[in-house]
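Here is how the chains run, residue by residue.
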Amino acid sequence: MAKDTSRPAFFVGYLPIPRPLIAFLAISTVIIVGLAIGAGLAIALTQPDPGSGRMAFGMGRQLLTGFIDLQPYPVLRVAPQKDGETARSIVLSGRGKRGILGRASRFIGQPVDIRGIFIIRDKTMMLQVGGGRSIRKATKPRMLDGFEPAMELSLGRQRLRGEIIDSKCYLGAMRPGQGKVHKACAGLCLMGGIPPMFAVYRDNAPADLLLLAGPDGGPIPETFLDQVSHYVSLEGEVRRRDNLLIFRVDPASLQEP
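Residues numbered from 1 in each chain as written. Predicted model: local features only at pLDDT ≥ 70, side-chain atom pairs only at ≥ 80, totals over all residues. Heavy atoms only, no water.

## A look at the pattern of salt bridges
- Scanning the model with the defined rule gives 12 salt bridges in all.
- Across the pair R241 and D69 runs a salt bridge, and its minimum N-O distance is 3.6 Å. Placement of the pair is R241 in strand β11 (residues 231-241) and D69 in strand β2 (residues 62-69), with a sequence separation of 172 residues.
- Given the relative accessible area of 6%, R241 is considered buried.
- Using a relative accessible area of 23% as the deciding quantity, one classes D69 as partly exposed.
- With a closest N to O distance of 3.8 Å, R157 and D250 form a salt bridge. Of this pair, R157 sits in strand β8 (residues 153-166) while D250 sits in the segment after β12 (244-249), and the two are 93 residues apart along the sequence.
- According to the relative accessible area criterion, D250 is partly exposed, its value standing at 28%.
- Connected via shared salt-bridge partners are D69, R77, E152, E237, R239, R241, D242 and R248. (Salt bridge = Lys/Arg side-chain N within 4 Å of Asp/Glu carboxyl O. Helix = DSSP H or I, 4+ residues; strand = E, 2+ residues; numbered from the N terminus. Buried < 20%, exposed > 50% of the residue type's maximum accessible area, 1.4 Å probe, protein only.)

What follows is the structure, given as structure tokens:
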């Protein structure tokens, strides 16, 4: 008896797949995979740029000698290393989501050696300080002979718009370390003592990063934790300490655009 080819192909699980259905499945699979790849690319392109931040493990542990400032958060003041360089202020953090205020406060007014790993984004650097004796009295204090950290320079009162960030994640400990998807992590970092910064975003240029401070130059009020990872407007005095910008904000000036 001749095989009836007028009836449509029908799939039966325990029988070979009919040839017409094989072609249909191949075409459908290609279309579905193509749509999935296209959707993935579209989603990826709409995400914020994670930035160039990184933990600079390749540089190894760095040993720096200088003086510690505690206000608004621990900062190491480092003397110029050679002719043509200027003094630097490097923000400090501990491991994980911890600051180093307790340890750093024991060394105020004396030269110290600090060992840690750099976290770098664009031209902004943070030093993640290790445990144990990573902070200690300077073994060669004469390196700082004649070095007197400069006074802060006021750049006037300004209103700026940007994002309140936790400096450690934004600079490279996590990518992306910004935006509302990072809010929970950022809040834990700031509660643990990681210094907060204010990121003022620029078109086609790296963001301006300012270390946040209260109006008296101390830490920001805890009420600011509710606004971390939000885009807000703040007013206050901008000051320069070596290479570091510090934003002494008025808490009452906070506005959401």
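Next comes the rest of the description.
## Notes on the nonpolar core
- Core analysis: the biggest nonpolar cluster contains 33 residues, and F198, L209, L212, L234 and F247 have the highest contact counts within it.
- Put simply, the parts of the chain that give this core at least two residues each are β8, α3 (167-173), α4 (183-191), β9 (196-202), β10 (205-213), β11 and β12.
- A total of six residues in this core trace back to one element, the largest contributor, which is β10.
- Setting aside anything within four residues of it in sequence, one finds F198 in contact with L160, R161, G162, E163, I164, D208, L209, L210, L212, V232, L234 and F247. (Core = buried A, V, L, I, M, F, W, Y, C linked by side-chain atoms within 4.5 Å. Contact = heavy atoms within 4.5 Å.)

## Topic: the sheet that holds β9
- Taken in spatial order, the five strands of this closed barrel run β8-β9-β10-β12-β11, and their pairing is mixed. Going across the sheet, the axis of each strand differs from the next one's by a mean of 55°, ignoring polarity.
- Sheet topology places β8 next to β9; four bridges connect them, and they run antiparallel. Across the sheet, the residue bridging to I164 is F198, located in β9. (Pairing = 2+ DSSP bridges. Axes fitted to C-alpha atoms, helices over the stretch in contact; angles between N-to-C directions.)

## Notes on a nonpolar patch on the surface
- A surface patch of nonpolar side chains, about 380 Å² in accessible area, is lined by I17, I22, F24 and L25.
- Topologically, L25 is positioned in helix α1 (residues 19-45).
- L25 gets classed as partly exposed once you look at its relative accessible area, which sits at 42%. (Patch = residues over 30% accessible without salt bridge, like charges linked within 9 Å, V, L, I, M, F, W, Y side chains within 5 Å. Areas by Shrake-Rupley, 256 points an atom, 1.4 Å probe, with all protein chains shown as cover.)

## Description of the side chain of R241
- Here the side chain of R241 touches Q71 through a polar contact of 2.8 Å, landing on its backbone oxygen.
- Look past the residues within four positions of R241 in its chain and what remains in contact with it is D69, Q71, P72, V75, R77, S89, E152 and I246. (Polar contact = N/O pair within 3.5 Å; in protein donor to acceptor, adjacent residues only side chain to side chain.)

## Some words on the pairing of β2
- Bridging between β2 and strand β5 (residues 112-121) involves five bridges; their strand directions are antiparallel. Looking at β5, one finds that L64 is bridged to I114.
- Sheet topology note: the β2/strand β3 (residues 75-78) ladder contains four bridges and is antiparallel. Bridging from a neighbouring strand, I68 pairs with L76 of β3.
- Where β2 folds back onto β3 in an antiparallel hairpin, the turn is made up of five residues.

## Brief notes about the packing of aromatic side chains
- If you walk through the whole model with that rule in mind, you get two aromatic pairs.
- Arranged with centres 6.2 Å apart and planes meeting at 25°, the rings of F67 and F147 form a pair that is stacked. Placement of the pair is F67 in strand β2 and F147 in the loop between β7 (135-137) and β8, with a sequence separation of 80 residues.
- Since its relative accessible area comes to 19%, F67 is described here as buried.
- Ring plane angle 45° and centroid distance 5.9 Å describe the contact between F198 and F247, whose orientation is recorded as tilted. One end of the pair, F198, is in strand β9; the other, F247, is in strand β12, and 49 residues separate them in sequence. This pair shows no difference in class: F198 is buried, exactly as F247 is.
- Geometry around Y170 places R121 over its ring, the cationic atom sitting 4.0 Å from the centre. (Phe/Tyr/Trp six-rings, centres within 6.5 Å; stacked < 30°, edge-to-face > 60°. Lys NZ or Arg CZ within 6 Å of the ring centre and 35° of its normal.)

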